[in-house]
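Okay, here's what each chain looks like letter by letter:
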Amino acid sequence: MKNTAATLMQQKQSGEKIIMLTAYDYTTAHIFDECGVNSILIGDSLGMTMLGYENTLSVTMEDMIHHTRAVARGAQNAFIVADMPFMSYQTSVYDAVVNAGRLVKEGGAHAVKLEGGAAVCEQIKAIVDSSIPVVAHLGLTPQSVNAFGGFKVQGKDYERAKQILDDAMLIQQAGACAVVLECVPAELAEMITEQLTIPTIGIGAGAGCDGQVLVYQDMLGLTSGHVPKFAKRFADVGALMREGVTAYINETREGSFPAPEHTYKLGDGVLEKLKNYESMPF
Ligand code: KIV
């Protein structure tokens, strides 16, 4: 069944958890879609997971469109949400609408996601008025890493918690169809979830959200280096890949790969004929 913004809303109302995962390419999107995730996020986390940058700030519109296209080709049923990269919407309402439009028209996204609260409400409203669903993103918004002074939990103290709660109300009023809550205390996320009519999708925000999202490399054991504490490892695909690649190296080196079953055969009698054939002098 095709998932849409309306599906996510129905899931909030019925209490069925929303399952979102990041993906950045055709093959992975195809597998996650087959598994039945409701939504695939082409996160600007691809700057780190796919392109090896230190943070998300260098990701371009071209990067996002390229990866969104691949995911859109791989997924049949998931609601496809593409991140708007740093400085593709903060600069003006006009830029926001044009760039959101590109992610839909050129990338094949069903919705866009952007970070921030009060400061981006005009952008959210204008994009929604252009018939593009918007997922908001509050709490630890990675594009603000320099303003935050690092990747830190947000909303632990009263002032910041109140600001996040206010922002959640404002983005809903501006027309967002859902909101990602990243790295905020579970009690705050639960309170926001109760007060909003739109679904909340948590990452490091506890079980009280309407759904969860994870960066797939973190949850499948493919991340090298630091993995945040909220990113439970559900499988160790990295270990399986290392095992497979090591076996390939060893078998190729010792000559046991390729075996006869991996090899094509000449037709009957062709080898004999070839042996008697004098190739043309070049
Ligand atoms: O870019 C991303 O992958 C995200 C998730 C962490 C929600 O925004």
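Residues numbered from 1 in each chain as written. Predicted model: local features only at pLDDT ≥ 70, side-chain atom pairs only at ≥ 80, totals over all residues. Heavy atoms only, no water.

Let's shift gears to the sheet that holds strand β6 (residues 178-182). With parallel pairing, the eight strands of this closed barrel are ordered in space as β1-β2-β3-β4-β5-β6-β7-β8. Neighbour-to-neighbour, the strand axes of the sheet open up by a mean angle of 25°, direction not taken into account. Alignment of strand β3 (residues 79-83) against strand β4 (residues 111-115), held across three bridges, turns out to be parallel. Bridging across to β4, Asp83 finds its partner in Lys113. (Pairing = 2+ DSSP bridges. Helix = DSSP H or I, 4+ residues; strand = E, 2+ residues; numbered from the N terminus. Axes fitted to C-alpha atoms, helices over the stretch in contact; angles between N-to-C directions.)

Our focus in this paragraph is the nonpolar core. Generally speaking, soluble globular proteins have nonpolar side chains that are buried together. Ranked by internal contacts, the top residues of the largest apolar core, which has 57 residues, are Ile40, Ile124, Ile127, Ile171 and Leu181. At six residues, the largest contribution of residues to this core is made by helix α8 (residues 158-174). In this structure Ile124 touches Leu114, Val134, Ala136, Ile171, Ala174, Gly175 and Ala176, once residues within four positions along its chain are discounted. Ala5, Ile18, Phe79 and Val180 belong to the second largest nonpolar core, which has 15 residues in total. (Core = buried A, V, L, I, M, F, W, Y, C linked by side-chain atoms within 4.5 Å. Buried < 20%, exposed > 50% of the residue type's maximum accessible area, 1.4 Å probe, protein only. Contact = heavy atoms within 4.5 Å.)

Between its first and last C-alpha, helix α5 (residues 93-105) extends 18 Å over 13 residues, near the 18 Å set by a 1.5 Å rise per residue. Within the sequence span of α5, burial applies to Ala96, Asn99, Ala100, Gly101 and Leu103. Lining the buried residues of α5 we find α4 (61-74), β3, β4 and α6 (121-129). (Expected span 1.5 Å × (residues − 1).)

Bringing the domain arrangement of the protein chain into the picture now. Parsing the protein chain into structural domains produces domain 1 (5-235) and domain 2 (240-276). Measuring from the centre of the C-alpha atoms in domain 1 to the corresponding centre in domain 2 gives 46 Å. (Domains from an automatic or database assignment.)

Turning to the site of the ligand, a few remarks are in order. If you check the shell around the ligand, you find Thr22, Leu41, Gly43, Asp44, Ser45, Asp83, Lys113, His137, Val180, Glu182, Ile203 and Val215 and nothing else. A distance of 3.1 Å is found between an oxygen atom of the ligand and a side-chain nitrogen or oxygen belonging to Asp44. Between the ligand and Lys113 there is a distance of 2.9 Å, counted from an oxygen atom to a side-chain nitrogen or oxygen. When isolated, the ligand has an accessible area of 260 Å², and the protein chains bury 96% of it. Class assignment of the residues belonging to the shell around the ligand gives a composition of four nonpolar, four polar and four charged. (Near = heavy atom within 4 Å. Polar contact = N/O pair within 3.5 Å; in protein donor to acceptor, adjacent residues only side chain to side chain. Areas by Shrake-Rupley, 256 points an atom, 1.4 Å probe, with all protein chains shown as cover. Nonpolar A, V, L, I, M, F, W, Y, C, P; charged D, E, K, R; others polar.)

With an omega of -5°, the peptide bond running from Phe257 to Pro258 counts as cis. Relative to the elements of secondary structure, Pro258 occurs in the loop between α11 (237-254) and α12 (270-276). The phi dihedral of Ser131 is positive, around 70°, even though this residue is not glycine. By secondary structure assignment, the location of Ser131 is in the loop between α6 and β5 (134-139). Judged by relative accessible area, which is 65%, Ser131 ranks as exposed. In the Ramachandran plot, Cys183 falls in the positive-phi region, its phi being about 50° despite a non-glycine side chain. Here Cys183 shows up in the loop between β6 and α9 (186-195). Judged by its relative accessible area of 11%, Cys183 falls in the buried class.

Okay, the packing of aromatic side chains next. Inspection of the entire model under this criterion finds three aromatic pairs. Ring geometry for Tyr248 versus Phe257: centroids 6.0 Å apart, planes at 70°, classification edge-to-face. An aromatic cluster is defined as three or more aromatic residues linked by ring pairs; in this entry it consists of Tyr24, Phe32 and Tyr216. (Phe/Tyr/Trp six-rings, centres within 6.5 Å; stacked < 30°, edge-to-face > 60°.)

Residues Cys121, Gln123, Ile124, Ala126 and Ile127 constitute the buried set of α6. Looking at the buried side of α6, the elements it contacts are α5, β4, β5 and α8. Once α6 ends, the next one or two residues include Ser131, with phi positive near 70°.

Now for the packing of α5 against α6. In contact at an axis separation of 9 Å, α5 and α6 are set at 45° when each is read in the N-to-C sense. Relative to α6, the element α5 lies oblique. As α5 packs across α6, the resulting crossing turns out to be right-handed. Contact residues: α5 offers Val93, Ala96, Val97 and Ala100, while α6 offers Glu122, Gln123, Ala126 and Ile127. Class assignment for the residues of the contact of α5 with α6 results in six nonpolar, one polar and one charged. (Parallel < 35°, antiparallel > 145°, perpendicular 65-115°, else oblique. Left-handed = near helix turned anticlockwise from the far one by under 90°.)

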